[in-house]
Amino acid sequence: LTGIRLSQAGVSYEIVDKNADVGGTWFENTYPGCRVDSSNHIYSYSFEPNHHWPQHFSTQPVLLEYFRGVADRYDLRGKIAFETEVETLDWDEPRALWKVTVRNKSGVRRVIEANAVVTAVGQLNRPRMPDIKGRDRFAGPAFHSARWRHDVDLTGKRVAVIGTGASAYQFVPEIAGKVGSLTIFQRTPPWGFPVPHYHEDVPDGMNWLMEHVPYYDKWYRFWMFWMVTDGLLPMVEADPGWNGPPTAVSAANLEFREMIAGAIAAQAPNRPDLVEKVVPTYPVGGKRSLLDNGVWMAALQRDNVSLVTDAISEITETGILTADGTARDFDVIIYGTGFHASKFLEPMKIRGRGGADLHATWDGDPRAYLGMTTPGFPNLFMIYGPNTNIVVNGSIIFFSECSVRYIVGCLKLLAETGARSMEPKREVHDAFNTRVDAANALMAWGAPQVSSWYKNEKGRVTQNWPFALVDYWRATLAPNPGDFVIEKAPEPVA
Ligand code: NAP
């Protein structure tokens, strides 16, 4: 997206990607059942609609093909250095340039000099393996969901899955019928919203409307943003005066909870023991809510599947030991344990003004102005930076479009004023973060009884945007020059 917009703006650029192809998360996650969980009709570029999505929520290969197609249509491949990783970024103060040291797959390093750097590395990119005693001792194959081992045939095997987040929720139903036995180790259950058409095809008639009826696709996209995304926010907002049970954060949230818990229970009428295990005790919206069309509960009720809620105490050479003293043997362990989300921009080393290290400056608490810029790091722009993730309402593609529009606006401001650098004013940055923190504290995901990848080790919500999508859209229409320290180029010596 940044490449497309920079090309259109006539700005020269180079893109560096550690992967061998475009697609990011859709390139890396190839686990069985991987599919988008925001409707494709909003999880796609506004300027590149697809009137032929095969399903409302398409599978990973379809998504990857979409992004490959966009890269080809906009002739981006020639601009991308693939299989190349950024190691360091150093701000060269006298020349007002970033020196970007990159290393290709052969280990050859080079330095790119750039007036500005845009990062687009995602929040869910570095797999997080759990810190469980003995993890490396297991003798059989063991892998993370984002590094799926397609060479490991699961047929008839005794398989353990650790974690029950968005990834496991998708791959468990896919592998349950294939494996010999499946044991799922659940620490905290996920909430699943009832979405019966989650795996269904888009009806031909709807595709026809998208393609032939003027503006129908635009209307549908707008309707989804308004009703299905921002429309859900009131259900996950905390009522500061709430004195009901800690399983909810407001009366509306409690009502929402009862509706969803009822839908889960209805899927296992003869298994109150299972329902007791899978209905979360934290408020709806506390963690990423998943889309439920029944396949998860159906998988959990299979004869060859068991759900273990005892804590894991150790991994041994042959299996997993739980705190109640039970030892279970496995052939394969699959980790659906998520990502190092709050370690923004790691492992890159980024040194800004005065050689200050970005991660030392953040000290485990990443913050940015509108998720994009941070004081002391001029001309450094982040996409999907701190506090730009959305929980119930939206599409990251929409956020990216807002960010890139704003970033191109910043570059325009630099070019038009002849300035050498810009960075947010400290007070603007701090006031913004105070507002974000206060709002996050009043959302279900900010509730003290909730733990998730949305919070950092200090318990602050570092990932999420607490407002409506339309608020981000409005805030990022164009940069306000008054928000920035804009450093003019020195007058030429006569
Ligand atoms: P995740 O949501 O962070 O889930 C990780 C799971 O592993 C949680 O159930 C967690 O339990 C468990 N876990 C971690 N350490 C553990 C340990 N030591 N012992 C036992 N259990 C442990 O990760 P994810 O499923 O990969 O999803 C991450 C995010 O990626 C999602 O929230 C979503 O934003 C995105 N995603 C999207 C899609 C999609 O759009 N289709 C699909 C997959 C992922 P606790 O909850 O107790 O920590």
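Keep in mind the model is a prediction, meaning the values are calculated, not measured.

Now for unusual backbone geometry. The linkage connecting E346 with the following residue, P347, adopts the cis geometry, with an omega of 5°. Relative to the helices and strands, P347 resides in the loop between β16 (332-335) and β17 (349-351). Despite not being glycine, E83 shows a phi value in the positive range, around 50°. Its location among the elements puts E83 in the loop between β2 (80-81) and β3 (84-92). For E83, a relative accessible area of 31% gives the class partly exposed. Within the chain, N379 stands out as a residue other than glycine whose phi angle is a positive 55°. Inspection of the secondary structure puts N379 in the loop between α10 (358-362) and β18 (380-382).

Another point: the pairing of strand β4 (residues 97-104). Inspection of the sheet shows β3 paired to β4 by eight bridges, in the antiparallel sense. Residue pairing in the sheet places D92 in a bridge with L97 of β4. Taking the residues that link successive antiparallel strands as the turn, the β3-β4 hairpin has four residues, and the phi of A96 there is positive, at about 50°. Counting the residues between successive antiparallel strands, the hairpin from β4 to strand β5 (residues 109-114) contains four residues, one of them, G107, with a positive phi of roughly 90°.

So, about the side chain of D21. Relative to the helices and strands, D21 resides in the loop between β1 (15-16) and α2 (25-28). Within the local environment of D21, its side chain forms a polar contact with the side chain of R68, the two groups lying 2.6 Å apart. A distance of 2.8 Å separates polar atoms of two side chains, one belonging to D21 and the other to R77.

For the rest of this paragraph, the subject is the packing of aromatic side chains. Within this structure, the stated rule accounts for 29 aromatic pairs. With a centroid separation of 6.1 Å and 20° between ring planes, the pair formed by Y220 and W223 is classed as stacked. In this pair, Y220 and W223 both sit in helix α6 (residues 216-229), three residues apart, roughly one turn of the helix. Its relative accessible area of 14% is what places Y220 among the buried residues. With centroids separated by 5.7 Å and ring planes inclined at 20°, the aromatic side chains of F222 and W226 adopt a geometry described as stacked.

This brings us to the site of the ligand. By nearness alone, 24 residues border the ligand, and R35, D37, S167, T188 and K287 come closest of all. A distance of 2.7 Å separates an oxygen atom of the ligand from a polar atom in the side chain of K287. Between the ligand and G336 there is a distance of 3.2 Å, counted from an oxygen atom to a backbone nitrogen or oxygen. Burial of the ligand by the protein chains amounts to 85% of its free accessible area of 910 Å². Counted by class, the shell around the ligand contains nine nonpolar, nine polar and six charged residues.

Glancing now at the state of the cysteines. In total, this model carries zero disulfides according to the counting rule given. Looking at C402, it has no disulfide partner, and the nearest cysteine sulfur is the one in C410, 14 Å off. Judged by its relative accessible area of 2%, C402 is buried.

In a regular helix each residue adds 1.5 Å, so 14 residues correspond to 20 Å; α6 covers 19 Å between its end C-alpha atoms and thus fits that length. Next to the buried residues of α6 lie α5 (204-212), α11 (396-417) and α13 (469-475).

So, on to the domain arrangement of the chain. Per the domain assignment, the segments of the chain are domain 1 (2-22 + 76-126 + 341-488) and domain 2 (135-200 + 240-335). Look at where the C-alpha atoms of domain 1 and domain 2 centre, and you get two points 33 Å apart. Taken residue by residue, the interface counts 13 residues in domain 1 and 14 residues in domain 2. Summed over both sides, the interface between domain 1 and domain 2 buries roughly 920 Å², with carbon and sulfur atoms accounting for 58% of that surface. Among the residues forming the side of domain 1 that touches domain 2, the class breakdown is nine nonpolar, four polar and no charged.

Here we come to the sheet that holds strand β7 (residues 142-144). Taking strand neighbours across the sheet as the criterion, the five strands line up as β7-β16-β8-β9-β12 in an open arrangement whose pairing is parallel. Taken across any chain shown, the strands that pair with only one partner, and hence form the sheet edges, are β7 and β12 (305-308). Here the strands of the sheet are splayed against their neighbours by 20° on average, with no regard to which way each runs. As judged from the four bridges shared by strand β9 (residues 181-185) and β12, these two strands associate in the parallel manner. By the bridge assignment, T183 is partnered in β12 with S306.

Rules used throughout
- In every chain, residue numbers begin from 1 and rise along the written sequence.
- For this predicted model, a pLDDT threshold of at least 70 governs which residues receive local features, and a threshold of 80 or more governs which side-chain atom pairs are given and counted, while totals over whole chains, interfaces and linings are taken from all residues.
- Note: side-chain values were computed over all heavy atoms of the structure, leaving out hydrogens and water.
- Numbering of helices and strands runs from the N terminus; a helix is a DSSP stretch of H or I covering at least four residues, while a strand is a stretch of E covering at least two.
- Throughout this description, buried means an accessible area under 20% of the type-specific maximum (1.4 Å probe, protein chains only), exposed means over 50%, and partly exposed covers the range between.
- The pairing criterion is simple: DSSP has to find at least two bridges between the two strands.
- Pairs of N or O atoms within 3.5 Å make up the polar contacts considered here, provided that, within protein, one atom can donate a hydrogen while the other can accept it, and that residues adjacent in sequence are counted only when both atoms are side-chain atoms.
- Note on aromatic contacts: the rings of Phe and Tyr and the six-membered ring of Trp form a pair at centre separations within 6.5 Å, being stacked when their planes are under 30 degrees apart, edge-to-face when over 60 apart, and tilted otherwise.
- Here, proximity means that at least one heavy atom of the residue falls within 4 Å of the molecule or strand.
- Here the accessible surface of atoms and residues is derived via Shrake-Rupley with a 1.4 Å probe, and residues count as covered only by protein chains that are part of the display.
- Polar here means any residue outside two lists: the nonpolar Ala, Val, Leu, Ile, Met, Phe, Trp, Tyr, Cys and Pro, and the charged Asp, Glu, Lys and Arg; Gly therefore counts as polar.
- Only a pair of cysteine sulfur atoms within 2.5 Å qualifies as a disulfide here.
- Given the number of residues in a helix, its expected span is that number minus one, multiplied by 1.5 Å.
- Two residues form a contact once any of their heavy atoms are found within 4.5 Å.
- All domain edges in this entry derive from an automatic or database-based domain assignment.
- When two parts are brought into contact, each loses some accessible area as probed by a 1.4 Å sphere; the total of that loss over both is the buried area.
- The convention used is that axes are lines fitted to C-alpha atoms, helices contributing only their stretch in contact, and that angles between N-to-C directions extend from 0 to 180 degrees.

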